[in-house]
Amino acid sequence: MSYSSEDSTVLVTGATSGIGREAAVRLAERGATVLFTGRDREAAEAVLSAVRSAHPESAGVFYRVDFADLDAVRELARTVRADHDRLDALVNNAGTSRSERATTETSADRTTEAEVELTFAVNHLAPFLLTNLLVPLLRETANNRPESAPARVVTTTSGLHERGSLSDLDAVVRGTGAGGDATFDGLDAYADSKLANVLFTVELADRLAGSGVTANCVHPGWIPQTGLVRNATGFSRLFTGAAALVASVAPVGPFESVEGAADALVYLARDPEVADVSGAYFDRRERATPAPEAADEQLRTRLWNRSAELVGLPASVPETDPLS
Ligand SMILES: NC(=O)c1ccc[n+]([C@@H]2O[C@H](COP(=O)([O-])OP(=O)(O)OC[C@H]3O[C@@H](n4cnc5c(N)ncnc54)[C@H](OP(=O)(O)O)[C@@H]3O)[C@@H](O)[C@H]2O)c1
């Protein structure tokens, strides 16, 4: 695989640690302008200095955004569109996993507020909203390129999406058990949000067919040494700690190094080999078959419409530009 030094702009969400951080630096090494998000300003400063020293022509811009706050996500999209005249790839990578149920409010129509479970909001609703608001810029970038290469949306999902279920969408949105009882299982909530990432990708690719923008998602492998389970407790942390020890000795089988995982993200965001692939699920750099729900058009439409309603976008997005 070879990447040339390039004139491109890529937005990586959740790049203040883990896979996203490594991917941001690798993109900068190839000369890209790297826009990135996170909540930790100190961690961002370290990424900025790594980006600056990666390549003489690379530049980094940090946006401090909490993805639990959908108004802040809307503001991010507005700022990116105002400050940059191109966006070659959007990497939806920010993600969280929690043991305790927490909720955030969406104020989609400014009158009624919906309470949404935090994992679902951060992992699915925020990238759903951000992507739909940035599609016009991605589309414009693709259309203005002399070589008319597609612009790309890459979303970091997880192999755990196979454990997810979206059949009771209201329960998933609220973060309660079926029927509204108070049980919350953090692993299920995470798996549901990652299944939503896959369905979102397939639906988005369908809606973007012929537009010059592709959409794919990727399971980056199991990388226990990232910060993903920092909000988890008990068994998850213990298990991850032990797995991190194994993985640091030999990233084999399902285990992956942070570098290997980041390489998969960069491959999907920039490599010419996959320029025309859209609507696909990858296990690292290999095309793979996602859970059967990905082929369920009715479920995809239900998730799309409900997500649009929750974030206050018309269900017709990305056909229409909500910011114009
Ligand atoms: N590690 C694995 O084994 C694994 C496996 C499959 C999939 N994944 C996926 O890979 C992606 C990256 O995870 P990672 O393993 O690299 O974990 P990580 O080290 O914890 O990185 C997560 C990134 O997301 C950001 N983030 C978390 N909550 C956020 C919020 N509320 N608002 C804005 N940004 C937020 C974090 O930034 P701040 O906390 O600084 O704000 C950080 O930059 C996630 O989507 C995860 O689901 C990971």
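Shown above is the structure to which this text applies.
This section reports on the structure supplied with the text. (Residues numbered from 1 in each chain as written. Predicted model: local features only at pLDDT ≥ 70, side-chain atom pairs only at ≥ 80, totals over all residues. Heavy atoms only, no water.)

Broken down by element type, the protein chain carries nine helices and ten strands. Of all 324 residues assigned to the protein chain, the portion counted as buried reaches 55%. Expressed as a percentage of contacts within the protein chain between residues at least 6 apart in sequence, the contacts between residues at least 24 apart total 77%. Within the structure as shown, the protein chain displays about 13600 Å² of accessible surface, and the carbon and sulfur contribution to it stands at 48%. (Helix = DSSP H or I, 4+ residues; strand = E, 2+ residues; numbered from the N terminus. Buried < 20%, exposed > 50% of the residue type's maximum accessible area, 1.4 Å probe, protein only. Contact = heavy atoms within 4.5 Å. Areas by Shrake-Rupley, 256 points an atom, 1.4 Å probe, with all protein chains shown as cover.)

Time to look at the nonpolar core. Side chains of a nonpolar character, in soluble globular proteins, are inclined to be buried together. Of all hydrophobic cores here, the largest spans 59 residues; its most connected members are Phe67, Phe120, Leu130 and Leu166. For this core, the elements supplying multiple residues, two or more each, are helix H3 (70-83), helix H4 (118-144), strand S7 (151-156), helix H5 (169-174), helix H6 (186-207), strand S8 (213-219) and helix H9 (297-311). Dropping the residues within four chain positions of it, Leu130 is found in contact with Leu11, Thr13, Phe67, Val73, Leu76, Ala77, Leu90 and Asn92. Ranked by size, the runner-up nonpolar core spans 34 residues in total, among them Val10, Val51, Ile223 and Leu265. (Core = buried A, V, L, I, M, F, W, Y, C linked by side-chain atoms within 4.5 Å.)

In the case of a regular strand, side chains alternate between the two sheet surfaces. Sheet topology note: the strand S2 (residues 33-38)/strand S3 (residues 59-64) ladder contains six bridges and is parallel. Note on S3: the bridge partner recorded for Phe36 is Phe62. Each parallel crossover has a hand, and the one from S2 via helix H2 (residues 41-54) to S3 is right-handed. (Pairing = 2+ DSSP bridges. Right-handed = clockwise from strand over helix to strand, strands pointing away.)

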